[in-house]
2 protein chains.
Amino acid sequence: MVDVVRRNTDYALRLMVNLARYHGNGPVSTRAAAKEEGVPYQLACKLMQKLHKSKLVKSRMGPKGGFSLGRDPSQISLREVVETIQGPISINRCLLAADACKRQHDCGARTKLAELQHYVRDFLDRITLDELLHNGREKE
Amino acid sequence: MVDVVRRNTDYALRLMVNLARYHGNGPVSTRAAAKEEGVPYQLACKLMQKLHKSKLVKSRMGPKGGFSLGRDPSQISLREVVETIQGPISINRCLLAADACKRQHDCGARTKLAELQHYVRDFLDRITLDELLHNGREKE
DNA sequence: CATATATAAGACTTACAAAGTCTTATATAT
DNA sequence: ATATATAAGACTTTGTAAGTCTTATATATG
């Protein structure tokens, strides 16, 4: 079995939604976010580093420091987070490079799978952090 | 990077399309199909065994033996082949069991990802082996 | 009936990548 | 000065996909 969204990506998503929840109230420490979201602390550190490199979060060092979202939660898509952590979303490896497969010329699957890949990417593009946040806390 | 369709699944798909190509002309030996589709022979054997267990192909032992499709190519979907080889298609492991995640009650991602998973499965349900075959050989 | 050709089954090994841990360095609020 | 936080990356563990090997069994055909 293969998950399109891996465990670490799931963790990163939770952390990002956590930051979204406290957006505007100053930085959130990794320790706090990790604890609240049930993510192993050391892993959370590494994930935050990746998210920082891709500018999805800003950091402030020192006490009272932590991470905060780089943009408004309505401007960060699920796909950005996913691809930051686990790389480009792929249906089949033959779709990641134009010349990845020499059989592609008489391959009936390629076109179909490319179509699906496009749909999936687009779907995740259209979901934003604030949607996830409001969706989840709707009932309260 | 994660491929929704793994390498072995890709191999199995090629083998199945090969059988579809010769459908009605008696069994195809694994050796022949593997060679024609560029699949390592021993791997092809294991894949054919899985396909046989799930009734997607019929086998005939002995010389002049080999495998043939269990049903007409128009009645075998891409999803059946994929799930026979690599198990259920999953967007996130939290979607595979009703109680896989205790956070699901206030999780905004779950609904969206379930929707996507449903779309992907349905998409692959609607593609059949004979479509793949005709798509690929259209130009000839 | 002997033999060559095919599948059947599963143990075993290898290779790779994800997940998780540990260590050291650096910045800053108080 | 010190405690608290991030920064960075080496390292270990674990899981699983991919690939190989071995032995058994069925059957067409001379």
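Each remark here, short or long, concerns the structure printed above.
Bear in mind the structure is a predicted one, so any value in this text is a computation, not a measurement.

(A) Broad picture of unusual backbone geometry. All names here are of chain A. Although it is not a glycine, Lys55 sits at a positive phi angle of roughly 70°. Examined against the element boundaries, Lys55 turns out to sit in the loop between α3 (41-53) and β1 (57-60). Look at Lys55 and you get exposed, because its relative accessible area is 64%.

(B) Local environment of helix α2 (residues 30-37) of chain B. Residues and elements named next belong to chain B. Residues of α2 that are buried include every one of Thr30, Ala33, Ala34 and Glu37, and no others. The arc enclosing the buried residues of α2, seen along the axis, measures out at 100°, which places them on a common side. Of the exposed residues in α2, the ones pointing more than 90 degrees away from its buried face are Arg31 and Lys35. Buried residues belonging to α2 abut α1 (7-21), α3 (41-53) and β2 (66-69). Just downstream of α2, Gly38 is the residue with a positive phi angle, here 70°.

(C) Just the relation of the copies chain B and chain A, in detail. The transformation that overlays chain B on chain A combines an axial shift of 0.0 Å with a rotation of 180°, and the residual RMSD is 0.0 Å. Expressed as a symmetry operation, the mapping of one chain copy onto the other fits a two-fold axis. Residue Val4(B) of chain B places its C-alpha closer to the rotation axis than any other residue of that unit, at 3.1 Å. Of the interface residues in chain B, 100% have counterparts in chain A that sit at the interface too, so the contact is made through matching surfaces.

(D) Representation of the protein's contact with DNA strand D in the model. Residues in close proximity to DNA strand D total 25 residues, the closest being Thr30(A), Ser59(A), Met61(A), Leu43(B) and Pro63(B). The protein-proximal atoms of DNA strand D, defined as those within 4 Å of the protein, are 64% sugar or phosphate. Contacts to DNA strand D include Gln49(A), whose side-chain N or O atom sits 2.8 Å from a base nitrogen. Note that a phosphate oxygen of DNA strand D is positioned 2.7 Å from one of the side-chain N or O atoms of Ser59(A). Of all elements in the fold, only α3, β1 and β2 (66-69) of chain A together with α1 and α3 of chain B reach the threshold of two or more residues within the surface near DNA strand D. In terms of residues, the surface near DNA strand D owes the most to one element, α3(A), which gives four residues. Looking at the surface near DNA strand D residue by residue, the classes come out as nine nonpolar, ten polar and six charged.

(E) Spatial organisation of the pairing of β1(A). Residue and element names in this part refer to chain A. Of the pairings in the sheet, the one linking β1 to β2 comprises four bridges and is antiparallel in character. If you follow Arg60 over to β2, its bridge partner there is Gly66. Where β1 folds back on β2, the antiparallel hairpin that results is connected by five residues, among which Gly62 adopts a positive phi of roughly 85°.

(F) Quick peek at the side chain of Gln104(A). Residue and element names in this part refer to chain A. Within the fold, Gln104 resides in the loop between α4 (78-86) and α5 (108-125). Exposure remark for Gln104: the relative accessible area of 18% places this residue in the buried category. A polar contact of 2.7 Å, which involves the side chain of Gln104, links it to the backbone oxygen of Ala98. If we skip the residues at most four places from it in the chain, Gln104 touches Ala98, Asp99 and Arg110.

(G) Region of interest: the protein's contact with DNA strand C. In the vicinity of DNA strand C there are 25 residues, among which Leu43(A), Lys46(A), Thr30(B), Ser59(B) and Met61(B) approach most closely. Thr30(B) is positioned with one of its backbone polar atoms (N or O) 2.7 Å from a phosphate oxygen of DNA strand C. Gln49(B) places a side-chain nitrogen or oxygen 2.9 Å from a base nitrogen of DNA strand C. Within the residue set of the surface near DNA strand C, elements represented by two or more residues are α1 (7-21) and α3 of chain A together with α3, β1 (57-60) and β2 of chain B. A total of four residues in the surface near DNA strand C trace back to one element, the largest contributor, which is α3(B). Looking at the surface near DNA strand C, its residues break down into nine nonpolar, ten polar and six charged.

(H) View of the packing of aromatic side chains. A full pass over the atoms with the stated rule returns three aromatic pairs over all chains. Ring-pair connections join several aromatic residues into one group, and the members of that group are Tyr119(A), Phe123(A), Tyr119(B) and Phe123(B). The residue whose ring lies beneath Arg31(B) is Tyr41(B), and the NZ or CZ to ring-centre distance is 4.1 Å.

Calculation notes
- Residues numbered from 1 in each chain as written.
- Chains lettered and ligands numbered in written order.
- Predicted model: local features only at pLDDT ≥ 70, side-chain atom pairs only at ≥ 80, totals over all residues.
- Heavy atoms only, no water.
- Helix = DSSP H or I, 4+ residues; strand = E, 2+ residues; numbered from the N terminus.
- Buried < 20%, exposed > 50% of the residue type's maximum accessible area, 1.4 Å probe, protein only.
- Arc of directions from axis to C-beta.
- Contact = heavy atoms within 4.5 Å.
- Least-squares fit on C-alpha atoms with pLDDT ≥ 70 in both.
- Near = heavy atom within 4 Å.
- Polar contact = N/O pair within 3.5 Å; in protein donor to acceptor, adjacent residues only side chain to side chain.
- Nonpolar A, V, L, I, M, F, W, Y, C, P; charged D, E, K, R; others polar.
- Pairing = 2+ DSSP bridges.
- Phe/Tyr/Trp six-rings, centres within 6.5 Å; stacked < 30°, edge-to-face > 60°.
- Lys NZ or Arg CZ within 6 Å of the ring centre and 35° of its normal.

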